[in-house]
Amino acid sequence: MASGSHRNGGVKVASKLDRLPPSSAGYATPKPSAKSRPSAAAAAASRRGVSMAPSASRVGGDPGVPGRVRVAVRLRPQNAEEMIADADFADCVELQPELKRLKLRKNNWDSETYEFDEVLTESASQKRVYEVVAKPVVESVLEGYNGTVMAYGQTGTGKTFTLGRLGEEDTAARGIMVRAIEDILADTSPEIDSVSVSYLQLYMESIQDLLAPANDNINIVEDPKTGDVSLPGATSVEVRNQKSFMELLRVGEAHRFAANTKLNTESSRSHAILIVHVKRSVKGRLDADQNFHGEHSMSSNLVSSFRPPIVRKSKLVVVDLAGSERIDKSGSEGHTLEEAKSINLSLSALGKCINALAENSPHVPVHDSKLTRLLRDSFGGSARTSLVITIGPSPRHRGETASTIMFGQRAMKVENMVKLKEEFDYKSLCRRLDIELDKLIAENERQRKDFEDEIEIIKMESESRIAEAERSYIDSLENERLKYQEDYLGSIKKLEEKWKCDVEKARIEHQNLCLEKAHSIEAPSICTSDDVSEVRQLHQNDKLLRQSIEDEVNKLKSEVSHWKHLEEVGNAEILKLRKMLESEASQKQKLEEDIAMLKSQLLQLSFQADETKRSLDRGVPSNLSTGFDSLVSQARHSQLRDSAYGPKASIAKLFEQVGLHKILSLLESEDLDVRVHAVKVVANLAAEEANQEKIVEAGGLTSLLMLLRSSEDETIRRVAAGAIANLAMNETNQELIMAQGGIGLLSVTSADAEDPQTLRMVAGAIANLCGNDKLQKRLSREGGIKALLGMVRCGHPDVLAQVARGIANFAKCESRASSQGNKAGVSLLIEDGALPWIVKNANHEASPIRRHIELALCHLAQHEINGKDMISEGALWELVRISRDCSREDIRLLAHRTLISSPIFQSELRRLCIEF
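Remember, predicted model here, so these are calculated numbers, not experimental data. (Residues numbered from 1 in each chain as written. Predicted model: local features only at pLDDT ≥ 70, side-chain atom pairs only at ≥ 80, totals over all residues. Heavy atoms only, no water.)

1. As for the overall build of the protein
Which entries qualify depends on this criterion: Secondary structure elements follow DSSP: runs of H or I of four or more residues count as helices, runs of E of two or more count as strands, with numbering from the N terminus. Only protein chains enter the accessibility calculation, which uses a 1.4 Å probe. A residue is then buried if its area is under 20% of the maximum for its type, exposed if over 50%, and partly exposed in between. Any two residues having at least one pair of non-hydrogen atoms within 4.5 Å are treated as being in contact. We get accessible surface area from the Shrake-Rupley algorithm with a probe of 1.4 Å; when it comes to residues, only the shown protein chains can shield them.
Looking only at helices and strands, the protein has 35 helices and 18 strands in total. Sorting the 916 residues of the protein into buried and exposed places 45% on the buried side. Counted over contacts in the protein with a minimum sequence separation of 6, partners at least 24 positions apart contribute 74%. Summed over its atoms, the accessible surface of the protein is roughly 47300 Å², and 52% of this surface lies on carbon and sulfur atoms.

Given below as structure tokens:
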């Protein structure tokens, strides 16, 4: 019996339930008849620490049984094999959908009756199944409650058809997963809400990521206080439209393990778990604490402006359980037998938990299996749970049908305490605070600039006025000085001339007087008295003249002192102007100090904002205000309770806030840590197809290739190679990588690297390039194939898988080119020496490696000119083995057709007497 293999959309065998006829029957809301068990619910809530939400009775299902697990049963129609084998026997079940009852026949005269919340006949449409089973749960999730939809039943009874049917050809056949996402996206807004999806499988007690197959051992994290379960290592992809979700389901379904058994041509060998996280903003909520505004009126405006919005976080878990089976009926053996044992053990553990909850047992063994740990919230927790059990009509499987029915009956006794998931959106508040802070800083900068400009204008005007006053004063002072100096010199000159005249006149009078005295000696003495009086008169005149001269001199001195006083007044005016200038300079210095103080206040405000943001992220209240302290303390419990769900830092958010060019510029930073973080951000962005074109346009591809060429750090080279591998998924980018010498850089990196993860990234990039028909010759010429073959030295399975994928892509392109007449001659793979390695690993134990090598051999064999080399290297025997023993039907048929259509292979087989 072949071991389990990954599902592949190209060769997937249609389930027998694909032939279910559509139903036009009407839909009425079911009213379950099971009785309430409040004591069991209370006990379950006590065990898990869950409190009843105020609105639990509204979303729990029945008004009298809030939160009870609702169970619907669906009957699969007979398939062709059962129609022949059971033609002489009656069906083991009889449905009474109008009474919501099911009769299980023991024999022709005895039967047992069971009641369910809904009974769905074999003609029930997929739409009716969704509306009865899943739509109430989806509506609860949109209102903020957790929800679970699960399918349980025997292998081949239609669980995967009910839940995971894509309905690409017929939209009416879509399953619950597709319809649920359609309703969720229709009721949410991409601007304010977010919807993210994780797709996992529980295989052999190992949780594997179906969206990232390399992530194959995800740990379960439980909150010790609330008991909430999370998977922080799982890939979470944000979904914005139905098309992207369908693509995610295709990717996940291709990696899910399945195998062919006697009971089902494509039996699921793992439990598939789809987790949809919904985050919705709640508008129009008023503050219920009225006393807060009355007692803190001064801070009420601040608190109301800083009040964080309320968001509701909920999740929808859709679980497609692997079918229970009996080994003697399924015919499982080898690895498939081990898979069946693991499936039955996990389902048995789930049944024990449900039995304990239904019987109100003090101990619920949730830790016996990873499945029960993952579904801890779905049974006896806070989620609204809806279970659909699938059964078949064949009496040969009556035991399995009875077991499935009893599982559903016990599940109907389990009650959950449904509660609303609300919390404050502190990240949105931080963004608002950042915006407000940026506005305040910008406004302050603008005011400071305006103030500095005004000060500069006043300074320039004052300096201009002072300079003009100084020039005017100096000119007027110089003019007055020259005028008074001229007047003074003129007055001195006049006084000197007058003095000279007076002196000359006095000399002449003195001479005359002397002559007269001389004559008077000779005259009679009678005249003596007259002469004496005359001399006295002359002496008196001389004194008066001297007095007038002294007065004139004193007058000139007073005028000189007056001009000196005017000069002192002018100097005082200049001193006053200088003091005004110094005062304005002092005022300018004071204003500069005020600006510096404002800057320090801004820095302090920024520091407080950072402290607030960090404290909010840690759940510790900051010191924004007394009112805000009260508000954060009220929400602290809710934030700590859901801290386990903290998402990774959104790369999309970093992309929007920082900008791609700034991120790319950090790739050239001198700081090694900065370069490492920058290249990791670019690699994460390159993983999204929407960002790849922007990265290439901004020069990101050139920067990544430059890092491969110049960096010696192993981490940088590994992450850069991974980013190039993501970009190489686009055909246009492949040609750009080759044009910029990318294959040579990748070859050098593969030769120097020893780390298996680095080699895996490089091999993945070259493998993507190998899938381009236009690059075949250049890829071989520049050493791409030899680089792939050189990396097999590592021996790591992931590296070998990428090498095998690249060789398969190359061989497929060569085969297509040969069939179109665009290529002649021996395969470039054979010329580069790849054939011996291909033959050696054609029967590798790892299924991904073996599948790619088998495809490569089949494509090489389709070109007749490669036949002789393949025969000489032993590839013919591997082709014969593939045509007979390959687990993949499409590859087996391809090898068979190739051997039949090749004359050279037929001739060699006849020569060796081998019948084919």
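2. Considering the pattern of salt bridges
How we decide: In what follows, salt bridge is the name for a side-chain nitrogen of Lys or Arg lying within 4 Å of a carboxyl oxygen of Asp or Glu.
If you walk through the whole model with that rule in mind, you get 30 salt bridges. Here Arg-373 and Glu-222 are joined by a salt bridge, their closest N and O atoms 3.1 Å apart. Separated by 151 residues along the polypeptide, Arg-373 in helix α12 (residues 370-374) and Glu-222 in strand β10 (residues 221-222) bring together distant segments of the chain. A salt bridge links Arg-507 to Glu-504, with the nearest nitrogen and oxygen atoms 2.2 Å apart. Within this pair, Arg-507 and its partner Glu-504 are both found in helix α14 (residues 426-522), separated by three residues, close to a single helical turn.

3. What to know about the nonpolar core
Where we set the bar: As used here, the term nonpolar core means buried Ala, Val, Leu, Ile, Met, Phe, Trp, Tyr and Cys residues forming a set that is joined through side-chain atoms within 4.5 Å.
If you look at the biggest cluster of nonpolar residues, it comprises 86 residues, and the most contacted ones within it are Ile-766, Met-791, Trp-837 and Met-870. Examining the composition of this core, we find that nine residues originate from one element, helix α28 (residues 797-819), more than from any other. With residues up to four places along the chain from it excluded, the contact list for Met-870 reads Leu-835, Leu-857, Leu-860, Ala-861, Ala-875, Leu-876, Leu-879 and Phe-905. Listed in part, the 50 residues of the second largest apolar core include Tyr-152, Leu-231, Ile-273 and Leu-374.

4. A short note on the pairing of strand β7 (residues 147-153)
Which entries qualify depends on this criterion: At least two DSSP bridges between two strands are required for those strands to pair.
Counting buried positions over the seven residues of β7 gives seven, a clear majority of the element. Burial along β7 is two-sided: Gly-147, Val-149, Ala-151 and Gly-153 facing one way and Thr-148, Met-150 and Tyr-152 facing the other are all buried. Pairing analysis gives seven bridges linking β7 to strand β17 (residues 384-391), with the strands arranged parallel. Across the sheet, residue Gly-153 finds its bridge partner in β17, namely Thr-390. Of the pairings in the sheet, the one linking β7 to strand β16 (residues 310-320) comprises five bridges and is parallel in character. Directly across from Val-149, in β16, lies its bridge partner Val-318.

5. Topic: the pairing of strand β3 (residues 93-96)
Relative to strand β4 (residues 101-105), β3 runs antiparallel, the two being bridged by four bridges. In the strand pairing of β4, Leu-95 is matched with Leu-102. In sequence, β3 turns back onto β4 through a hairpin of four residues, with Lys-100 there showing a positive phi of about 55°.

6. A few points about the packing of helix α19 (residues 672-686) against helix α22 (residues 714-727)
As a reminder of what qualifies: Orientation is described by lines fitted to C-alpha atoms, with helices fitted over the stretch in contact, and by angles between N-to-C directions that extend from 0 to 180 degrees. With respect to orientation, any angle under 35 degrees is reported as roughly parallel, any angle over 145 as roughly antiparallel, any angle of 65 to 115 as roughly perpendicular, and every other angle as oblique. In a left-handed crossing the near helix is turned counterclockwise from the far helix by less than a right angle, and in a right-handed crossing that turn is clockwise. In this classification, the charged set is Asp, Glu, Lys and Arg, the nonpolar set is Ala, Val, Leu, Ile, Met, Phe, Trp, Tyr, Cys and Pro, and all remaining amino acids, among them Gly, are polar.
Put simply, α19 and α22 touch, their axes get as near as 9 Å, and they point 20° apart. Taken together, the axes of α19 and α22 are roughly parallel relative to one another. Our pair here, α19 against α22, has a crossing hand that is left-handed. Every residue of α22 that contacts α19 at Leu-672, Arg-675, Val-676, Val-679, Lys-680, Ala-683 and Ala-686 is listed here: Thr-715, Ile-716, Val-719, Ala-720, Ala-723, Asn-726 and Leu-727. Taken together, the residues of the contact of α19 with α22 sort by class into 10 nonpolar, two polar and two charged.

7. What to know about the sheet that holds β4
Across the sheet, which stays open at both edges, the three strands sit in the order β3-β4-β5 with antiparallel pairing between neighbours. Either end of the sheet is taken by a strand with one partner, and the two such strands are β3 and β5 (111-115). Taking each pair of neighbouring strands and ignoring which way they run, the sheet shows an average axis angle of 20°. Where helix α13 (residues 398-411) meets the sheet, its contacts fall on β3, β4 and β5, and the angle it forms with β4 comes to roughly 145°.

8. So, the environment of Ala-817
On the secondary structure map, Ala-817 appears in helix α28. The contacts of Ala-817, once residues within four sequence positions are left out, are Asn-822 and Lys-823.

9. Observations concerning empty space enclosed by the protein
Stated precisely, the cut-off is as follows: In the cavity and pocket records, a cavity denotes points on a 1 Å grid over the protein atoms alone where a 1.4 Å probe fits but cannot get out, a pocket denotes an open set with protein on both sides within 12 Å along at least 5 of 7 lines, and lining residues are residues with an atom within 4 Å of a point. Grid points are joined across faces, edges and corners, and a volume is the space filled by probe spheres set on the points.
What the rule picks out here adds up to six cavities of 30 Å³ or more. Contributing elements (two or more residues each) for the lining of the second largest cavity: β7 and β16. Its residues assigned to classes, the lining of the second largest cavity comprises four nonpolar, four polar and two charged.

10. Concerning helix α23 (residues 731-739)
Heads up, the condition is: For this quantity, the arc is that covered by the directions from the helix axis to the C-beta atoms.
Every buried residue of α23 is accounted for by Asn-733, Gln-734, Ile-737 and Met-738. Angular distribution of buried residues about the axis of α23 spans 140°; they occupy a single face of the element. Projecting away from the buried face of α23 at angles above 90 degrees are the exposed residues Thr-732 and Ala-739. Following α23 by one or two positions, Gly-741 has its phi on the positive side, about 75°.

11. Observations regarding unusual backbone geometry
Phi is positive for Met-204, close to 55°, though the residue is something other than glycine. Tracing the backbone through its elements, the reader meets Met-204 in the loop between β8 (194-203) and β9 (206-209). Owing to a relative accessible area of 34%, Met-204 belongs among the partly exposed residues under this scheme. Despite not being glycine, Asn-360 has its phi angle at roughly 60°, a positive value.

12. As for the packing of aromatic side chains
Short version of the rule: The rule is short: rings of Phe, Tyr and Trp, with Trp giving its six-membered ring, pair when the centres are within 6.5 Å, and they are stacked under 30 degrees, edge-to-face over 60, tilted in between.
Per the stated rule, a full pass over the model turns up two aromatic pairs. Taking 3.8 Å as the distance between ring centres and 10° as the angle between the ring planes, the aromatic pair formed by Tyr-152 and Phe-407 counts as stacked. Separated by 255 residues along the polypeptide, Tyr-152 in strand β7 and Phe-407 in helix α13 bring together distant segments of the chain. Just as Tyr-152 is buried, Phe-407 falls in that class too.

13. Here we look at the packing of helix α34 (residues 889-901) against helix α35 (residues 903-911)
α35 packs onto α34 with a crossing angle of 85° between their chain directions and a minimal axis gap of 5 Å. By the angle between their axes, α34 is roughly perpendicular relative to α35. Judged by residue contacts, Thr-898, Leu-899, Ile-900 and Ser-901 of α34 engage Pro-903, Phe-905 and Gln-906 from α35. Tallied by class, the residues present in the contact of α34 with α35 amount to four nonpolar, three polar and no charged.

14. Some thoughts on helix α24 (residues 742-752)
Helical geometry: 3.6 residues make up each α-helical turn, so side chains three or four residues apart lie on a common side. The set of residues buried in α24 consists of Gly-742, Ile-743, Leu-745, Leu-746, Ser-747, Thr-749 and Ser-750. Tucked inside the fold, the buried residues of α24 contact α21 (700-710), α23, α25 (756-770), α26 (776-781) and α27 (784-790).

15. Digging into a nonpolar patch on the surface
Note the cut-off: What makes a patch is a set of residues exposed beyond 30% relative accessible area and free of salt bridges, joined within 9 Å when like-charged and within 5 Å when nonpolar (Val, Leu, Ile, Met, Phe, Trp, Tyr).
A cluster of nonpolar residues, Tyr-488, Leu-489 and Val-560, forms a patch on the protein surface that exposes about 260 Å² of accessible area. Along the polypeptide, Leu-489 turns up in helix α14.

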